[in-house]
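Listed here are the chains, written in short residue letters.
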Amino acid sequence: MQSLLLRVDRLSTWLGQLFAWLIVALTLMISWEVFSRYALNEPHDWALNLQIMMYGTLFMMAGAYTLSKNGHVRGDVLYGFFMPRTQATLDLIPYFVFFLPGVVAMTWAGWTYAQESLAIREKTFSATPLPMYPFKFVIPLAGGMLLLQGLVEIVRCIACIRDGEWPSREHDVEEVDVDKLKAMVHVKDEDIASLDQYVVNQGSKP
């Protein structure tokens, strides 16, 4: 079971990292459009629509990736002090009450929305129209991935309630906290205390 959970984590991570390259493409595109508009006096009427679609794709496809890294915002003021079983219980309830109904509805409606857009070959309202249906198919894709990752997180919550500790998850780039930094440089709390005492003693000398 754990290997299956990690496979889904890796899939969410791979898709998140793949679509993250859109930020590079978006940055280059905006830079070129600014240069073209103000230096060459040649603005493009389709540029803004494409920028919105690229940003929307980037934003939507980041959902499952962020969930796989446990990176969505929560009120950690009290949550961090609870035991793992309590944390898992507090996570599990909103998954059933809010997450599953909301994401299933988004995925279902997004699929219908995308099919309707494809049926009429929907395009943007501009002098140079762009096809919109490829972008709208991102909605059910993002919703399906988010739903799959959410089911993995539900299984993790149940496993934590059963075992009393959180199962491992696939990791990616993270901020280095103080404890990790101390472990990396092989520094112990006793060493820091000794150094503090040395500084205090040196400061008290005339």
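### Let's talk about the pattern of salt bridges
Consideration 1: Inspection of every chain in the model, using the stated rule, returns 5 salt bridges.
Consideration 2: The shortest N-O distance in the salt bridge between Asp9 and Arg156 comes to 2.4 Å. Of this pair, Asp9 sits in helix α1 (residues 2-20) while Arg156 sits in helix α7 (residues 138-163), and the two are 147 residues apart along the sequence. The same class applies to Asp9 as to Arg156, namely buried.
Consideration 3: In this structure, Arg162 engages Asp163 in a salt bridge whose closest nitrogen and oxygen atoms are separated by 2.8 Å.
Consideration 4: Connected through shared salt-bridge partners, Asp9, Glu153 and Arg156 make up one network.

### With respect to the environment of Val155
Consideration 1: Residue position: Val155 is located in helix α7.
Consideration 2: Relative accessible area serves as the criterion here: at 29%, Val155 is assigned to the partly exposed category.
Consideration 3: For the pair formed by Val155 and Leu5, sequence separation is 150 residues and the distance between their alpha carbons is 8.4 Å.
Consideration 4: Apart from residues lying up to four places away in sequence, Val155 is in contact with Met1 and Leu5.

### Here we look at the nonpolar core
Consideration 1: By size, the foremost hydrophobic cluster in this structure holds 11 residues: Leu67, Ala88, Leu92, Tyr95, Phe99, Leu100, Val103, Leu146, Ile154, Cys157 and Cys160.
Consideration 2: Counting only elements with at least two residues in this core, the list comes to α5 (84-119) and α7.
Consideration 3: Per element, the largest residue contribution to this core is 6 residues, and it comes from α5.
Consideration 4: When sequence neighbours within four positions are dropped, the list of residues in contact with Cys157 reads Ala88, Asp91, Leu92, Tyr95 and Trp166.
Consideration 5: Membership of the second largest hydrophobic core comes to 6 residues, among which are Leu15, Ala64, Val138 and Ala142.

### Thoughts on the confidence of the model for the protein chain
Caution applies to low-pLDDT parts of the model: their predicted coordinates are not meant to be read in detail.
Consideration 1: For the protein chain, mean pLDDT is 86; residues scoring 70 or higher make up 82% of the total.
Consideration 2: Taken element by element, the predicted model of the protein chain shows its lowest mean pLDDT in helix α8 (residues 178-184) (58) and its highest in α7 (95).

### Some details on the layout of surface pockets
Consideration 1: Considering only enclosed or pocket space, the largest pocket measures out at about 470 Å³ in volume.
Consideration 2: Going through the elements one at a time, α5 and α7 are the ones with two or more residues in the lining of the largest pocket.
Consideration 3: With 7 residues, the top contributor of residues to the lining of the largest pocket is α5.
Consideration 4: Per-class residue counts for the lining of the largest pocket are 12 nonpolar, 4 polar and 5 charged.

The rules behind each value
Residues numbered from 1 in each chain as written. Predicted model: local features only at pLDDT ≥ 70, side-chain atom pairs only at ≥ 80, totals over all residues. Heavy atoms only, no water. Salt bridge = Lys/Arg side-chain N within 4 Å of Asp/Glu carboxyl O. Helix = DSSP H or I, 4+ residues; strand = E, 2+ residues; numbered from the N terminus. Buried < 20%, exposed > 50% of the residue type's maximum accessible area, 1.4 Å probe, protein only. Contact = heavy atoms within 4.5 Å. Core = buried A, V, L, I, M, F, W, Y, C linked by side-chain atoms within 4.5 Å. pLDDT = per-residue confidence, 0-100. 1 Å grid on protein atoms, 1.4 Å probe; cavity = no way out; pocket = protein on both sides within 12 Å on 5 of 7 lines; lining within 4 Å. Points joined across faces, edges and corners; volume = space filled by probe spheres on them. Nonpolar A, V, L, I, M, F, W, Y, C, P; charged D, E, K, R; others polar.

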